[in-house]
Amino acid sequence: MESGEGTKRNPLKRTFEQFISSSIPVPQSSSMDCDDESHQVKGLYELAMARNVVAVSKAGVAKMVALMMIKQIGEALVDSNGDKKLIAFLTPTVDLVHKQHKEIKSHTNLRVEAYFGARGVDGWDADAWAKEINDHDVLIMTPQIFLNSLRKGYMSLERLRFIVLDECHQTTGNHPYALIMKEFYHQSKRRPKVFGMTAFPENKKDSEDRLRELESLLDSQLYGVDNTIQVDHYIAEERMICRFYDRPQPLDPVTRAELESLELKFDAVLLNCQNSCDGVEQEKCQSLRDRLARNHEKILFCLDNLGTVCAHEVVKGRIEKVCEVQNECRVYNGCVTQYRAYLREVLSVIERSSAAARQQSSKLHSLLEYLKSLRRDTEAHCIIFVERSMTAKVIARVVKKIPDFSHFNISYLTESNEASAVGISPTSEIGVSESYYGNKASILFRTYASKKRAHPFKCSSVICFDLPKTSGEYNQSRQRTFGEDPLYITFIERGNVESLNQISHIIQKEDSMSHTAAAGDLGDSRVKDLATDINLEYVVESTGASVTIGSSISLVHRYCQKLGGKTQSIQMPKFETLNDGWMLRTKLTLPRNAAFETIIGPEAHESKLSKQLVCLEACKKLHTMGALDDHLVPSMKVLPKINSNSIVKGLASAPGSTKRKELHGSVSVRLMSGTWRDKLDTAVFYAYKMHFVCNIAQQKFSSFVLLLETKLDDDVGNVDVELYLLSKFVKASIFYCGQVYLDVEKVAQAKCFQELLFNGLFGKMFVKSSGVRQLLFQSEESLWDPSNMYLLLPVETTDKASDGDLTINWTAIQSCVSTVEFLKNNALLNTRNANEVGSSPSIIPSDSGVAELNDSQVIHLANRSVPLDDLKEMVVVAIHTGRIYTILKVVADSSSESQFDGDATRYPTFATYYREKYGIALKYPGQPVLLLKQSHNSHNLLVDFRDEGMSLKTEPGSVKGQNRKPQQHAHMPPELLVGTDLRTDISKSMYLLPSLMHRLESLMLASQLREEISRHAGHFNVSSSLILEALTTQRCCENFSMERLELLGDSVLKYAVTCHLFLKNPKSHEGHLSSQRSRIVCNASLHKFGTGRKLQEYIRDCPFDPRRWTAPGQLSIWPTPCNHELDTKEVPLDERFFSEDTTLTIGKTCDKGHRWMGSKTISDCVEALLGAYFVGGGLVAAIGFMKWLGIEGEFDPSLIHDSIKAASLYSYAPKAEEIATLEAKLGYDFTTKGLLLEAITHESISGLHVGHSYERLEFLGDAVLDILITRYLYDNHGNLDPGELTDLRSASVNNDNFAIVAVRHKFHPHLLFSSSSLQVEISAFIELVSQLSGNVLAPDTKGPKVLGDLVESIAGAVLVDSKLDLDRVWKVFEPILSPIVTPDKLELPPSRELIELCDSLGYFVKQQFTTNEGVVHADLKLQLEDRLLEGQGSGPTRKAAKGMAALQLLKKLESTGISSSSKLNNGDKDNASGESITEPSISAPKQDKPFELQPETSSAAASDSCKTNIPVLPPINMRKGGPRTALYDVCRKEQWPMPAFQTTEKSFRTAIKLGDTMGFNSYKSQINLVIPGFDKIEVTGEERADKKSSFDSAALTMLLELERRGKIAIGVAK
């Protein structure tokens, strides 16, 4: 001991008189002699400076001595060698840490600091602690923090000169005080001085033995302060008084029965609410039920013990508290409403019983009477001790409301963390102290349960309202008596002998212990030796950090928790006890991503010791492997850092997640640009002919030529594209035709052609400039952007698609030039205000040279006169609107004076209409009007809407195959039309060009990305169409998307990374390799790699919108201004552009190319591109692409050789026959037999000092079989959609399937293992497989993982032995895995099949789970129109139980004629809603969400149920989709079948206004809803301008009708 054991006085130590004069001033008392006042302090101080002491005293004395010692010792903290020493003050709670820090800092000049968990000390490293030690003299902390710092080697007891232990009576068992002394103090050669402080040990039967044990552990001697000697007025001899009260009167049985009934009733209601939700909301509802039960118990306690007045206050407080609860979940809000209703009904019951019952119990009445006696004492301070927190709170509330106590400060102090229910604050000890002393008269209610060393409140009276039950509680209450004449009052029930005996026994025990401590031999400095068992420990010599068998388990747990990271679930170690005769050994299994996975510990007689020993061995191994650093702190390898800009504060979703949305830009297509716009000489173009062939031979389309300044790649410029029209399709063939040279005049004519037709057909010919209507061609602003410069010109007709002759149709082009010139020359007509009617000039010039009007075979157009026979299919331009039409025929017996086909009431004739609307007087009103085919917006022709494509736009529940839109025709006087030499074959082709050019632009984009990749990774034979497929999401609604390639790329990425890690890390365990692989292939990492190469700018993520497509020379009439506050097309990876807002529109670009995109889409694109490179160029190309991204995946041949060489060292001779037999079954002879030996060796053998097991090969084989099976499915099922392909892979690549393969091919007898439990599991599975007809197990059955692992490890061994030859591995395993499941043989899991079936039929499934003795029970309910079906199942997990219940429910459905094969054969549904596809934005709610269903026995019963349990809807969101969502929610909750929509459409020649929208079409939807057991309701909504709005109108009408019929209630918006 550093202090030594001699009696020689330290020369640096001052005398007590000198020290006390400069120490804390001791308040003087006029009633006591000064010598007596300081006697105790002086004696204790001198003894403590001479030896280690545990001071057993009341509050004040020991703390004063500790402070004096800190001040004294603190003056000499530097020893003779110049080494700095420290003082440690340990106290059990954070509150006391703060308090002692304040006290020591204010009374000494030492550098003092406090340490507690909130400062993050648990994460500090050695440097952080070293700085704290160097910068401070006194360290105040909790004992656990001190223990942790010692164990990690951050601090050493040899650095300490003095250590103070507050509340040291807790030094027992595994308390940190005891562990500090056992593990470090008693093992140390240079021990610091120890000073312990305690009142009296609590709850110990053998008190004297307990005191002696305390002396041994603390290496100290007990010193008891003589109770008869007083120190100032801190400790005073109190007068003890007993107040008696009558036994409480029993509660009225009727009232009790009412309260019990209410509790049962509302608990049942809350249980129903709890069953109607899941996850976090279900836990919240359970918490509310627990609160209801606790409140019920508290209310009964108050009624039984305190009276109705206190019960009334309790309920009122709870009501006030629950009013503050708010939650977004409708179900939970309903629970809160029911809970509030319960409290109000209870309050009503209590108020009714108050008249008959006594409002105050005798005990409470006695207390109030005593407190009234203190009314005249203006400085009275009283502390009232109670047993329960609730008692303190409610009596404080009652007392506060009594006028007689208005001058008192009323407060309470309890252990409860619950917010105050009585409205009194503060509840913290510091706050109560300030409040208590801040008033002249105070009453404090507090509990015994508090472990806080509360401030020694000055009080004149201590009242034990509830008797103390232990010596600790008695001592705690007595220590609060201070002053000259304090009172100690106990309340005792009259005639209760047991209570009298209890308090008497405690008082006698306390006095006995005080005398025992005080009678110690102070002259004997010897302390008996402590027998320690800390011989089994592991110490790091470099730092002194240590772990013992006692702390090894907790260290292993901390290591496993660190493996989970910040966002993953906490991982735990697993322990398995192995019986070895009379001895036990424990097998420890760490998580898969640990440095190693399993270890078997030494033998032991006891299970606990065996567990400790294996953990100690694991800690040693973890430190040796570097998983624990030299301070025995888990040393995790840092994850690959995601771009810091992609991590957003406030967003719960990570990069690459579905929930997260990101704003990104779009890359420009370089091949579309040109520099020839302002050239003054000949321009050179690369020509690509576009030839169109319709499946209807009579339909002719003119060929066009695309002229570009840059040559396209062959696989871009020579493609075929199918374009789908409503009743036909057109095959577009594009091929290269050489170079074309155009002079300046030809370029100008070509530009004029393009401007006229694209603006006339898809845009507008007139624009407003400064409020004046003006011809587009007269605008000074150029319509040609250098970034979008190409020409699309008509070609002379030829029937041969491959005809290389290219003859541009200059006749048609020049006709367009003439038309433009005519329009320019007649600009006066076109610039008139549309509402101005003036001189009414004629249109035909006087010198036009037309035939006489009486010539019936000639029609006068605006610019020419044309024979009747030449009019049909002529393309014309309206002089007053600039719109382009095609003439269908001349309407016989008509003229401009005929009845107008629009608003005839306002405009009786055509002549009237044009005169009043446009100010035009017709020169030839007698001419017949022409029937014209109107131009229209172009459509997305890349999507086939004729068959299954129609359902892509069908609303859930709507009827498919509606009537086709009627063609839009118009009637117009001929003289308003400018004739051209164009025919319909050219105009029809023009409607094909937007979609075709979009496809070409997309291919150019893919080619551009391919070129970018090739510059860094080398050229690979990957087609641009394949890359385009990888860049296209399903949202584009085309006949290809990235999903199939993504599935393949996922397997390729997994395989490449697996092989790389396997070869590069030959010593790493499978779990560690899996962890590394997961970090590399996770979506967050792929997102980082993808955005690092700006792949997001290439992704196509929305359907082609032809309206927003513009050709060069075309003015966009559908602008989308950018509101993202960005000046550039590129969007930085900044948190401003990340969101989780579900209302954002995904994919739609603004005019700068910015669009919102799902973050996961980028990760998916990376995998899809990897799949594309694998398909196009094999594994070499895929690895080249990975290298371009920055993912390591190369295979070093030398590492393959090293892996084979290592396996060749395994001794396989004892198993040579076994290996030969297995090779025969495989049909493969291993070059390195050790690889096969490793593949069949289980870890239970490797634990018995065998140096290998199959885990690493299983890790490799998992990826090998994954890629082989996925490649096989991809190649052999090219027509399957991605979802079906995923299902096939899931059915083929899983542990159950591999386990069945292992049994059927008899691989399992060759498995080398040593585990009886594993043998039983395998045997049972073999029996099961022998009775199995197919390859699918029941939902409640799982194949042994070890058998699936065996197949995978053998595959890994074959791969290594063949030097990573995938084709060789597939040749071995294809017959083993056959038959591989096909689409017609695919069996979906029952749960999945049920969900898909019900989704297609529009039904909802309600599910409920219960757990009993570890078995999960599932109950599924499905409401049909005429019956309620129910299925039950059980299993070890929720998934297994749900699967069994779903299987039962499917069988019941099949018995009713409903099955997956024939969904609606016998159903009574009016629509084919099963063929519809739910829209992502307005989707029907998920069917697997559990909701409570009341079985319906009859219509009357259903009606009654509805009356009592009417669902209440929140106010309906009237935004688009809101009414539909509200209706879907009701159907889901009530388990009504999905409603069916049927829509009728009307078309109009002129625009009509419906609501706030103008349009030429109106939609009206009818909706049908079947309510089981009630009726079928059919309503019709109002007309709307678009179909979805008509659905909303019908849904709203249905909701209002349901409310009218009393089926629902709709809330009113505030």
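See the structure printed just above.
What this report covers is the structure whose coordinates are included nearby. (Residues numbered from 1 in each chain as written. Predicted model: local features only at pLDDT ≥ 70, side-chain atom pairs only at ≥ 80, totals over all residues. Heavy atoms only, no water.)

### What to know about the overall build of the chain
Each helix and strand counted, the chain has 45 helices and 43 strands in total. A total of 1614 residues make up the chain; the buried ones form 53% of that total. Counting only carbon and sulfur atoms, one obtains 49% of the accessible surface of the chain, whose full area is about 72900 Å². (Helix = DSSP H or I, 4+ residues; strand = E, 2+ residues; numbered from the N terminus. Buried < 20%, exposed > 50% of the residue type's maximum accessible area, 1.4 Å probe, protein only. Areas by Shrake-Rupley, 256 points an atom, 1.4 Å probe, with all protein chains shown as cover.)

### Things to note about the packing of aromatic side chains
For the structure on display, the rule yields 28 aromatic pairs. With 5.7 Å between their ring centres and 50 degrees between their planes, Phe-465 and Phe-491 make a pair best called tilted. Of this pair, Phe-465 sits in the loop between β12 (461–464) and α16 (471–478) while Phe-491 sits in strand β13 (residues 487–493), and the two are 26 residues apart along the sequence. Its relative accessible area of 1% is what places Phe-465 among the buried residues. The buried category is assigned to Phe-491, whose relative accessible area is 1%. With 5.3 Å between their ring centres and 20 degrees between their planes, Tyr-1173 and Phe-1185 make a pair best called stacked. The residues Tyr-1173 and Phe-1185 share a single accessibility class, namely buried. Taking NZ or CZ as reference, Lys-611 lies 4.4 Å from the ring centre of Phe-575, over its face. Sitting over the ring of Phe-1062, Arg-1256 keeps its end group 4.4 Å from the ring centre. (Phe/Tyr/Trp six-rings, centres within 6.5 Å; stacked < 30°, edge-to-face > 60°. Lys NZ or Arg CZ within 6 Å of the ring centre and 35° of its normal.)

### A short note on the packing of helix α39 (residues 1345–1361) against helix α40 (residues 1366–1377)
As a packed pair, α39 and α40 sit with axes 9 Å apart at the nearest point and diverge in direction by 140 degrees. When the axis of α39 is compared with that of α40, the two are oblique. The way α39 lies across α40 gives a crossing that is right-handed. Here α39 contributes Val-1351, Ile-1354, Ala-1355, Val-1358 and Leu-1359 to the contact with α40, which in turn contributes Leu-1366, Val-1369, Val-1372 and Phe-1373. When grouped by side-chain class, the residues that make up the contact of α39 with α40 number nine nonpolar, no polar and no charged. (Axes fitted to C-alpha atoms, helices over the stretch in contact; angles between N-to-C directions. Parallel < 35°, antiparallel > 145°, perpendicular 65-115°, else oblique. Left-handed = near helix turned anticlockwise from the far one by under 90°. Contact = heavy atoms within 4.5 Å. Nonpolar A, V, L, I, M, F, W, Y, C, P; charged D, E, K, R; others polar.)

### Focus: unusual backbone geometry
That bond from Ser-1378 to Pro-1379 is cis: its omega, -5 degrees, falls within 30 degrees of zero. Here Pro-1379 is to be found in the loop between α40 and α41 (1390–1401). With a phi angle near 55 degrees, Glu-167 is a residue other than glycine that sits in the positive phi range. Mapped onto the secondary structure, Glu-167 falls in the loop between β5 (160–166) and α7 (176–185). Non-glycine residue Leu-1364 carries a positive phi angle of around 65 degrees. Note on placement: Leu-1364 falls in the loop between α39 and α40.

### Regarding the environment of Val-876
On the secondary structure map, Val-876 appears in strand β29 (residues 874–878). With 15 residues separating them in the primary sequence, Val-876 and Leu-861 have C-alpha atoms 9.2 Å apart.

### Side note on the environment of Gly-153
As for its position among the elements, Gly-153 is in the loop between α6 (143–151) and β5. Note on Gly-153: relative accessible area 16%, which makes it buried. Discounting residues that sit within four places of it in the chain, Gly-153 has contacts with Thr-543, Gly-544, Ala-545 and His-631.

### Points about the packing of helix α21 (residues 744–762) against helix α25 (residues 984–1017)
At their nearest, the axes of α21 and α25 sit 11 Å apart, and the two run at 80 degrees to each other. The orientation of α21 with respect to α25, classified from their angle, is roughly perpendicular. Of the residues in α25, those touching α21 at Leu-757, Phe-758, Leu-761 and Phe-762 are Ile-986, Met-990, Tyr-991, Leu-993 and Pro-994.

### Looking at the nonpolar core
The biggest cluster of nonpolar side chains holds 223 residues, and the ones touching the most others in it are Met-690, Tyr-1055, Ile-1354 and Phe-1373. The dominant element in this core, judged by the number of residues it contributes, is helix α30 (residues 1159–1189), at 17 residues. Counting residues in hydrophobic clusters, the runner-up holds 62 residues, among them Leu-306, Leu-368, Phe-445 and Leu-487. (Core = buried A, V, L, I, M, F, W, Y, C linked by side-chain atoms within 4.5 Å.)

### Overview of the sheet that holds strand β19 (residues 661–664)
Read across the sheet, three strands follow the order β34-β19-β35 without closing on themselves; strand pairing throughout is antiparallel. Each of the sheet's edge strands pairs with one partner strand only, and the pair in question is β34 (1138–1139) and β35 (1155–1158). Sheet topology note: the β19/β34 ladder contains two bridges and is antiparallel. What sits directly across from Glu-662, in β34, is Phe-1138. Those strands touched by α30 are β19 and β35, and its axis lies near 70 degrees from that of β35. (Pairing = 2+ DSSP bridges.)

### Description of the sheet that holds β29
The strands making up a sheet are joined through hydrogen bonds of the backbone, oriented either antiparallel or parallel. The strand order across the open sheet formed by five strands is β32-β31-β30-β29-β33, and the pairing between neighbours is antiparallel. The open sheet has two edge strands with one neighbour each: β32 (969–972) and β33 (977–983). Recorded for the sheet is a direction-independent mean angle of 40 degrees between the axes of neighbouring strands.

### Describing the state of the cysteines
Across all of its chains, the model carries zero disulfides by this definition. The thiol sulfur of Cys-816 is not disulfide-bonded, and the nearest other cysteine sulfur, from Cys-752, lies at 7.4 Å. When its relative accessible area of 0% is taken as the criterion, Cys-816 is described as buried. Among the cysteines around Cys-1102, which has no disulfide bond, Cys-1036 carries the closest sulfur, lying 6.1 Å off. (Disulfide = S-S within 2.5 Å.)

### Thoughts on the side chain of Glu-1043
Note that Glu-1043 resides in helix α27 (residues 1043–1064). This buried residue, Glu-1043, is left without a salt bridge; Lys-1160 holds the nearest opposite charge, at 7.8 Å. Contact partners of Glu-1043, with chain neighbours within four places excluded, come to Gln-1034 and Pro-1282. (Lys, Arg positive; Asp, Glu negative; His and termini not counted. Salt bridge = Lys/Arg side-chain N within 4 Å of Asp/Glu carboxyl O.)

### Describing the pattern of salt bridges
Under the counting rule described, the total for this entry stands at 59 salt bridges. Taking the shortest distance from any N to any O, the salt bridge between Arg-1015 and Glu-1011 comes out at 3.7 Å. Residue Arg-1015 and its partner Glu-1011 are both found in helix α25; the two are separated by four residues, about one turn of the helix. By relative accessible area, which is 52% here, Arg-1015 ends up exposed.

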